[in-house]
Amino acid sequence: MALGENLTKKTEETKSADLESEVALEDRKTEISESKSNSSEDEVKGDVFHQFCIFKSLGEEYAIPINLIKEVVPFPSIAPVSQMPSYIRGMTNVRGNIFGVLDLGIFFNKNTNQATENKYLLVLEHEEFQMAIAIPDVPDTLMVTDGMIEQLSAARLKSVIGQKYLKGIIKKDRRMIILFDILGMISGDKFTEVT
């Protein structure tokens, strides 16, 4: 009897946690949509603001422009693809479209094969490239002024893998968020080469 009660209690806790995740995801989807529609209003007020989608991968925070995000979806099943680099986790079907799934933590840290437990996909908005980024948590949005972005020099990036795709560092409070060129990265000649 006690075992049955524990299982019922665990199932209710799991359902509650899943419901909270779905609510957080819906809130984030709404924020991303609203952020896209409000971008022109911010420029009129004087300072030029940039809107970014912020997410984590292997402990690092990354930023890409909000207009490159089509949607955020719960992590679906993935089919592995042979002869692909380790940072391309495989292919998945999102609303009838096939997307390649990218793990940025592995891309920028090629000496690791440690994959994080991802719960969501950031589906990119692009006509030519069908890619999505695997992320462990619901992403955030951030308004940034030009003064908050520090450009990176080549001298500072000699040891960083994928350095040519890094555009700068966003400094917000005590956070340092990596701003990178996702479209430049996935359209590069060597993106899908096995190393």
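No experiment lies behind these values; they were computed from the predicted model shown.

A. The overall build of the protein, seen in detail. When its secondary structure is counted, the protein shows three helices and eleven strands. Ordered by position in the sequence, the α and β elements of the protein form the string α-β-β-β-β-β-α-β-β-β-β-β-β-α. Relative to its 195 residues, the protein shows a buried fraction of 38%. Looking at the protein alone, contacts between residues at least 24 apart form 59% of all its contacts between residues at least 6 apart. Counting only carbon and sulfur atoms, one obtains 49% of the accessible surface of the protein, whose full area is about 11700 Å².

B. Region of interest: the pairing of strand β2 (residues 60-65). Sheet topology note: the strand β1 (residues 49-57)/β2 ladder contains six bridges and is antiparallel. Its bridge partner being in β2, F52 is matched across the sheet by P65. As consecutive antiparallel partners, β1 and β2 are separated by two residues, and within that stretch L58 has a phi angle of approximately 50°, a positive value. Alignment of β2 against strand β11 (residues 175-180), held across two bridges, turns out to be parallel. The residue bridging Y62 from the neighbouring strand is I178, located in β11.

C. Focus on a nonpolar patch on the surface. On the surface, a cluster of nonpolar side chains totalling about 290 Å² of accessible area is made up of V81, M84, M91 and I98. One can find V81 in the loop between β3 (69-74) and β4 (88-94). A residue is classified by how much of its surface remains accessible, and V81, at 36% relative accessible area, is partly exposed.

D. Region of the structure containing the nonpolar core. F55, L102, I133, F180, I182 and M185 are the most contacted members of the largest nonpolar core, which has 32 residues in total. If you tally residues by element for this core, the top one is helix α2 (residues 104-108), at four residues. Once residues lying within four places of it in the same chain are set aside, the contact partners of L102 are Y87, M131, A132, I133, A134, I182, M185, I186 and F191. The next biggest cluster of nonpolar side chains, apart from the first, holds ten residues, and it includes I54, A63, V144 and I170.

E. Molecular detail of the side chain of E71. Its place among the elements puts E71 in strand β3. Accessibility expressed as a relative area gives 16% for E71, which makes it buried. Side chain to side chain, E71 and R95 meet in a polar contact 2.8 Å long. Every residue in contact with E71, bar those within four places of it in the chain, is listed here: V94, R95, L121, L122 and V123.

F. Looking closely at the packing of aromatic side chains. Here the structure, examined in full by the defined rule, presents four aromatic pairs. Taking the centre distance of 5.7 Å and the plane angle of 80° together, the rings of Y62 and F180 count as edge-to-face. With Y62 in strand β2 and F180 in strand β11, this residue pair connects regions lying 118 residues apart in the sequence. Take Y62: its relative accessible area is 1%, and that puts it in the buried class. An angle of 50° between the planes, with centres 6.2 Å apart, marks the rings of F107 and Y165 as tilted.

G. Region of interest: the sheet that holds strand β7 (residues 131-135). Ordered by their spatial adjacency, five strands build an open sheet running β3-β6-β7-β5-β4, and the pairing between neighbours is mixed. The sheet is open, and its two edges are formed by β3 and β4, each paired on a single side. Sheet twist, expressed as the average angle between the axes of neighbouring strands with direction ignored, equals 30°. Pairing geometry for strand β6 (residues 120-124) and β7, over four bridges, is antiparallel. Pairing of Y120 across the sheet is with I135, part of β7.

Here is what the cut-offs are and how they apply
- Residues numbered from 1 in each chain as written.
- Predicted model: local features only at pLDDT ≥ 70, side-chain atom pairs only at ≥ 80, totals over all residues.
- Heavy atoms only, no water.
- Helix = DSSP H or I, 4+ residues; strand = E, 2+ residues; numbered from the N terminus.
- Buried < 20%, exposed > 50% of the residue type's maximum accessible area, 1.4 Å probe, protein only.
- Contact = heavy atoms within 4.5 Å.
- Areas by Shrake-Rupley, 256 points an atom, 1.4 Å probe, with all protein chains shown as cover.
- Pairing = 2+ DSSP bridges.
- Patch = residues over 30% accessible without salt bridge, like charges linked within 9 Å, V, L, I, M, F, W, Y side chains within 5 Å.
- Salt bridge = Lys/Arg side-chain N within 4 Å of Asp/Glu carboxyl O.
- Core = buried A, V, L, I, M, F, W, Y, C linked by side-chain atoms within 4.5 Å.
- Polar contact = N/O pair within 3.5 Å; in protein donor to acceptor, adjacent residues only side chain to side chain.
- Phe/Tyr/Trp six-rings, centres within 6.5 Å; stacked < 30°, edge-to-face > 60°.
- Axes fitted to C-alpha atoms, helices over the stretch in contact; angles between N-to-C directions.

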